[in-house]
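Chains, contacts and geometry: an overview
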Amino acid sequence: MIRGKKLVIIGAGGHGKVVADVAGKLCFYETILFLDDRGTVTECCGFPVAGKSGNAAEYIGKADIFVAIGSADARARVMAGLIKAGASLPVLIHPDAVVGQGAVIGRGTVVMAGAVINSDAQIGEGCIVNTCSSVDHDCILKDYVHVSVGAHVAGGVQIGDKTWIGAGAVVSNHVKIAPDCMVGAGAVVVKDILVAGTYVGVPARLIHS
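From a predicted model like this one, the values you see are computed outputs, not experimental measurements.

**So, the sheet that holds strand β16 (residues 152–153)**
With respect to topology, six strands assemble into an open sheet ordered β7-β10-β13-β16-β19-β22, the strand pairing being parallel. Edge positions in the open sheet fall to β7 (98–99) and β22 (188–189), since each of these has one partner strand only. Where strand β13 (residues 134–135) meets β16, two bridges bridge the pair, whose relative direction is parallel. Residue pairing in the sheet places Ser 134 in a bridge with His 152 of β16.

Okay, structure coming up:
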């Protein structure tokens, strides 16, 4: 990222607001604007909504583009199209986040305020490491994973594509979690999750597959 560049954020909802705040605090971008498909929103977080997501192609080669859509499936779909078209998808890391030595973070991922990613963790593309969450050493998070507000992932954990770790949830050391899972708020995962589905409780148990 080059200071003074333009940033286009796709998605002018709550997640987009926080992404814009992160980008603003980084001071890399001279101009920030949104694209949103609802058609009823004209501004977000003080920045203009300049069109719909289909207009993103107009900015390829002229701006960084960040997909701020909460749904993992939608985020993956939009990012795939942008990647194919050659768009520049930045990594956004809040200045009050901590990223350890050797950690790798994929394009299109945002790391929010107060989050900690420890040494040698691998974070995939299009992930969300949300406010005051933590991902400890040697974890592997595949693409489009969301670690929600205040959730904590202990060392050596592996999490599959598009899995959502709910607010305040805890994942114990060296656990493996399958793709396309939802771990409910406050749940505690103490053993491997091998089947896609929704898991809640302490310890976490499958309630819907």
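On we go.
**Concerning helix α1 (residues 14–26)**
An ideal rise of 1.5 Å per residue puts 18 Å on 13 residues; α1 measures up with 19 Å between its terminal C-alpha atoms. Backbone geometry just after α1 places Cys 27 at a positive phi near 60°.

**So, the side chain of Asp 36**
Locating Asp 36 in the fold gives a position in the loop between β2 (29–35) and β3 (43–44). Here Asp 36 falls in the buried class, since its relative accessible area comes to 9%. Within the structure, Asp 36 has its side chain in polar contact with the backbone nitrogen of Ala 12 (distance 2.7 Å). Among the polar contacts made by the side chain of Asp 36, one reaches the side chain of Arg 38 at a distance of 2.8 Å. Here Asp 36 is in contact with Gly 11, Ala 12, Gly 13, Val 41, Val 49, Gly 51, Lys 52 and Ser 53, once residues within four sequence places are set aside.

The rules behind each value
- Residues numbered from 1 in each chain as written.
- Predicted model: local features only at pLDDT ≥ 70, side-chain atom pairs only at ≥ 80, totals over all residues.
- Heavy atoms only, no water.
- Pairing = 2+ DSSP bridges.
- Helix = DSSP H or I, 4+ residues; strand = E, 2+ residues; numbered from the N terminus.
- Expected span 1.5 Å × (residues − 1).
- Buried < 20%, exposed > 50% of the residue type's maximum accessible area, 1.4 Å probe, protein only.
- Polar contact = N/O pair within 3.5 Å; in protein donor to acceptor, adjacent residues only side chain to side chain.
- Contact = heavy atoms within 4.5 Å.

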